[in-house]
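Observations on chain architecture
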Amino acid sequence: MRVKHHLLTTYAMLVIGYLMLPIAVVILFSFNEPEGRFNYVWQGFTFDNWANWDAPIGLRESMITSLEIGVLSTVVATILGTMIALAIVRHHFRGRASSNVLVFLPMSTPEIVLGASLLALFIQQTGIFVIGFWTIFIAHVMFIVSYIVVTVKARLIGFDRHLEEAAADLGADELTTFRKVTFPLIAPAMLAASLLGFALSIDDFVITYFVAGGEQTFPVYVWGIARVATPPQVNVVASAIFLVAIAVALGNVLWQYRSSRRQRGAA
Amino acid sequence: MVETSTATADVTLESVVKRFDDTVAVDGISLEVPHGAFFALLGPSGCGKTTTLRMIGGFEEPTEGRIMLGDEDVVGLPPYKRDVNTVFQSYALFPHMTIAENVSFGLERRKVARSELKGRVREILELVGLGQFGSRKPRQLSGGQQQRVALARALVNHPRVLLLDEPLGALDLKLRKQMQLELKRIQHEVGITFVHVTHDQEEAMTMADTIAVMNRGRIEQLGPPQDLYEQPGTAFVAGFLGVSNLLPGVIEGPNAVRLDDGTIVSAHVSGRSGAVAVGVRPEKIAIGPAGDPAIGAARGSNVLAGTVSETAYIGVATEVVVETQLGVVHVFAQNIDSGRTIPPPRSSVTLTWSPESTFVVDRDDSAD
Ligand SMILES: Nc1ncnc2c1ncn2[C@@H]1O[C@H](COP(=O)(O)OP(=O)(O)OP(=O)(O)O)[C@@H](O)[C@H]1O
Ligand SMILES: [Mg+2]
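What comes next concerns the included structure. (Residues numbered from 1 in each chain as written. Chains lettered and ligands numbered in written order. Predicted model: local features only at pLDDT ≥ 70, side-chain atom pairs only at ≥ 80, totals over all residues. Heavy atoms only, no water.)

Description of the pairing of strand β2 (residues 23–33) of chain B
Remember that side chains alternate between the two faces of the sheet whenever the strand is regular. All names here are of chain B. Alignment of strand β1 (residues 11–20) against β2, held across eight bridges, turns out to be antiparallel. Bridging from a neighbouring strand, Val-16 pairs with Ile-29 of β2. The hairpin formed by β1 and β2 contains two residues between the paired strands, and Asp-21 there has a positive phi angle of roughly 45 degrees. (Pairing = 2+ DSSP bridges. Helix = DSSP H or I, 4+ residues; strand = E, 2+ residues; numbered from the N terminus.)

This is the structure we're talking about:
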C-alpha cells in the first residue's frame, strides 16, 4: 500500500515536471543576459530584460494590438454567443438543429483551413475588408463565439425552466426576467467561457497570420522576429502572460471555494 | 369565506381546448371558481391538469375557448399581466437570491414602497412559519421549508387567484398531511381563491370545497367532495375517489335494477336505461351470517349473498373480501367489538345496504 502510494506520488510529480519544464525554461531565460542576438544559451542573471521589457522595436505595439483584439473580440463574441445560445435553447425556429451543429464547426475545423479560407474570402471582398486589425478581429470573434455558445448553452439547459416562468408569474416582463434571473444564473458560465476565449485570442497564431496583413499581434511578432533574433524580452512578456493566467486561475478557485463555503456555512 | 353566487366568479373557463400538435391535452373544459373557494383539479397522470393550470397562469395559450379572471378575458395576456400567482411543483425558488429577496420579487415588480415591502415580507414569512429564515439561501432550507417559501412568495402579492400545481408532491407522507391542513388554514386566513392541482384523491378531499375530477382532458364530475363520494356520476369517478363495488345489471324500473344474477336492487336510476353498473361503498355494507333473519330484508334493504374468501384486520375496520356471483365485493366492517363478530373465511354471508347508499353509473366501457 505505502509503496504504491509513493509510486503514485512520484509519477504525479514527474508528469507535473514534464508539463512545467518548458515554462520554467521560458521564465528562467527571461532573466538571461545573452551575448548575441539569440537567447538560447545561459550567460548570466539580470533584471534588465524585465526593466526594459519594451526595448525591442515593435514588441510594445504588437502586445497592445493583441490586448485590443483580445478584449474587443471577446466582448463581442460573448454577447453574440450568449444570444445564439439563448435562441437555440429557448426558441424553436427553423434551422435550430443545424445551427446547433454549425456552431461546432469552427472548433473542429483545422485552423490552417479556416485561416486560408478566411483570407480567400477577405481578399475577394477588398471593397469591404481591409486586411489588418479588423479582419483579425472578425476571425477571432468567429472562433471564440463557438466556445461561448457551447458553454452558455450547457448552463441554460442545466437550469430549471420554471425559474423564468416564476419570474414572469411574479410580474417581471421579458427584459426584467433576463436581468434579474437568467443573466445572474448564466453569468459564471459566460465569464468562464470569455476567459477561455480571451486566452485563445491572445494565443492564436495560425488564423491570425493568414488574415493579419501588415498588422502584428504578439504571436505574429515573435514569429517574425525569431528568424533574425530572439530578444529575452519575448520571454519576459510570455512569463508575464503566464503569471496573469495563474493569478486568474487561482482567483477563480479561491472565489469558488469561498462561495461554496458561504453557502454551506452560514446558517 | 365563500361569497354568494351573485358575485362574478374569480376564474371562468368556457369550452377551453388545448392541442399540442396531435395530442389533445384539454378537450373542452368549462368551469367556474367562485371567490374564496378552495378548488381542486383532480385526475390521473396526463389528464391535462397542469395544462389547464398553465393556461390560467398564462404559460400556455388555449387553442379554443375563453379564460376569464373576474370580468376580464385574459387570453393573449402574458403571465406578468395576469393577477394570479403560481406555486410550482419544483418550487422554482431563485437560487441566487435570499429567501427575503425571493419573497419581495413580486412586490418590487409592482413598485411597492421599500418601507411597506419589508413589513409585508416579514408578515408573510411569519404566516408560513419561517420568520427567522429571511437571510438564508433556498438551498439551505429543507424541502418543506422551500415549499413554504414558494407559497409565501406567491401569497405576498395578494393575487386574485393562487394556482398550485401539486405543491406537496415532493414531500414525504407525514409532512404532506401536515401541510394539507396548514394550506387550508392559510387559505382561510388570507381569503384568496386557491386552484389546486393534484392526483391524490385524499388530498383533494381533505382540502378542497369543490373538486373537478378530470379524465382524458375532460371534466367527469364537479362538486363538493361529499357529493362526488356519495353519488359518483361515472364509473371513473366511483373508482378514482375511494374504493367502490360495481355490480353489473340492467335497468328494470323507475327505481330498480336487475343485477346480472337476477337479484333486484333499488336505487335512484336518474333517467338511465339499459345496461348499467350499480355501485356501493364498502363501508356502507352490513355483513352477517347467511340466513340471519335480523339482517335479512330489513326495511327494503338491498341484499346479496356470497362467501367470505379473505378477511384483513386493518385497525379502523376489518376488510372482508366476499365472493358473489357478480364478482368480488369489498366490505369494510366496523370493529365495534374488536372485530370478533366478523364472519370467518369460507362462511356463507348475506350483504345488505340501504338504497340511499346505492348509486347507478353507466357501465365502464372505457376502463383504465
Ligand atoms: N408542451 C407539451 N407538448 C406536447 N404535449 C404536451 C405538452 N404538455 C403536455 N402535453 C401532453 O398533454 C397531456 C396532458 O399533460 P398535463 O401535463 O396537463 O398532465 P397532468 O394532468 O398534469 O399530468 P401529471 O399528473 O402527470 O402531471 C399529456 O398527454 C402530455 O403528454
Ligand atoms: Mg402535472
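Points about the site of ligand 1
Residues and elements named next belong to chain B. Around ligand 1, the neighbouring residues are Phe-20, Thr-23, Ala-25, Pro-44, Ser-45, Gly-46, Cys-47, Gly-48, Lys-49, Thr-50, Thr-51 and Glu-166. One of the side-chain N or O atoms of Ser-45 is found 2.5 Å from an oxygen atom in ligand 1. Measuring from an oxygen atom of ligand 1, one finds a side-chain N or O atom of Lys-49 at 2.8 Å. Bound to the protein, ligand 1 loses 60% of the 630 Å² it would expose on its own. Residue assignment for the shell around ligand 1 shows that the elements contributing at least two residues are β2 and α1 (49–57). (Near = heavy atom within 4 Å. Polar contact = N/O pair within 3.5 Å; in protein donor to acceptor, adjacent residues only side chain to side chain. Areas by Shrake-Rupley, 256 points an atom, 1.4 Å probe, with all protein chains shown as cover.)

Brief notes about the sheet that holds strand β10 (residues 218–223) of chain B
Residue and element names in this part refer to chain B. The six strands are arranged β6-β7-β8-β3-β9-β10 in an open sheet whose pairing can be described as mixed. What marks the edges here is a single partner per strand, and that holds for β6 (84–87) and β10. With direction set aside, neighbouring strand axes in the sheet form an average angle of 20 degrees. Direction of pairing for strand β3 (residues 38–42) relative to strand β9 (residues 210–215): parallel, over a ladder of four bridges. Each bridged residue has a counterpart across the sheet, and for Leu-41 the counterpart in β9 is Ala-212. Docked against the sheet, α1 engages β3, β6, β7 (161–165), β8 (193–198) and β9, running at close to 150 degrees with respect to β7. (Axes fitted to C-alpha atoms, helices over the stretch in contact; angles between N-to-C directions. Contact = heavy atoms within 4.5 Å.)

A closer look at the side chain of Ser-104 of chain B
Counting through the fold element by element, Ser-104 of chain B comes out in helix α2 (residues 99–109). With a relative accessible area of 4%, Ser-104 of chain B lands in the buried category. (Buried < 20%, exposed > 50% of the residue type's maximum accessible area, 1.4 Å probe, protein only.)

A closer look at the environment of Thr-263 of chain B
Residue and element names in this part refer to chain B. Tracing the chain through its elements places Thr-263 in the loop between β12 (256–259) and β13 (264–266). Overall, Thr-263 belongs to the partly exposed group, its relative accessible area being 23%. Between the C-alpha atom of Thr-263 and that of Ala-305, which follows or precedes it by 42 residues, the distance is 9.7 Å. Within the local environment of Thr-263, its side chain forms a polar contact with the side chain of Asp-261, the two groups lying 2.7 Å apart.

Observations concerning the packing of helix α4 (residues 143–155) of chain B against helix α5 (residues 173–190) of chain B
Residue and element names in this part refer to chain B. Where α4 meets α5, the closest approach of the two axes is 12 Å, and the angle between their N-to-C directions is 20 degrees. Considered as vectors, α4 and α5 are oriented roughly parallel to each other. As α4 runs across α5, the sense of the crossing is right-handed. Judged by residue contacts, Gly-144, Gln-147, Arg-148, Leu-151 and Leu-155 of α4 engage Leu-175, Gln-178, Met-179, Glu-182, Leu-183, Ile-186 and Val-190 from α5. Residue composition of the contact of α4 with α5, by class: seven nonpolar, three polar and two charged. (Parallel < 35°, antiparallel > 145°, perpendicular 65-115°, else oblique. Left-handed = near helix turned anticlockwise from the far one by under 90°. Nonpolar A, V, L, I, M, F, W, Y, C, P; charged D, E, K, R; others polar.)

Some details on the interface of chain B and chain A
At the junction of the two partners, chain B supplies 24 residues and chain A supplies 22 residues. Interface area, chain B with chain A, both sides summed: about 2000 Å², of which 60% is carbon and sulfur. By the criterion of area lost to chain A, the three top residues of chain B are Tyr-80, His-96 and Arg-109 of chain B, representing 28% of everything that side buries. On inspection of chain B and its partner chain A, the count reaches one salt bridge. Inspection of the chain B/chain A interface yields eight residue pairs in polar contact (both at pLDDT 80 or more). Residue composition of the side of chain B that touches chain A, by class: 11 nonpolar, seven polar and six charged. (Buried area = accessible area lost by both parts, 1.4 Å probe. Salt bridge = Lys/Arg side-chain N within 4 Å of Asp/Glu carboxyl O.)

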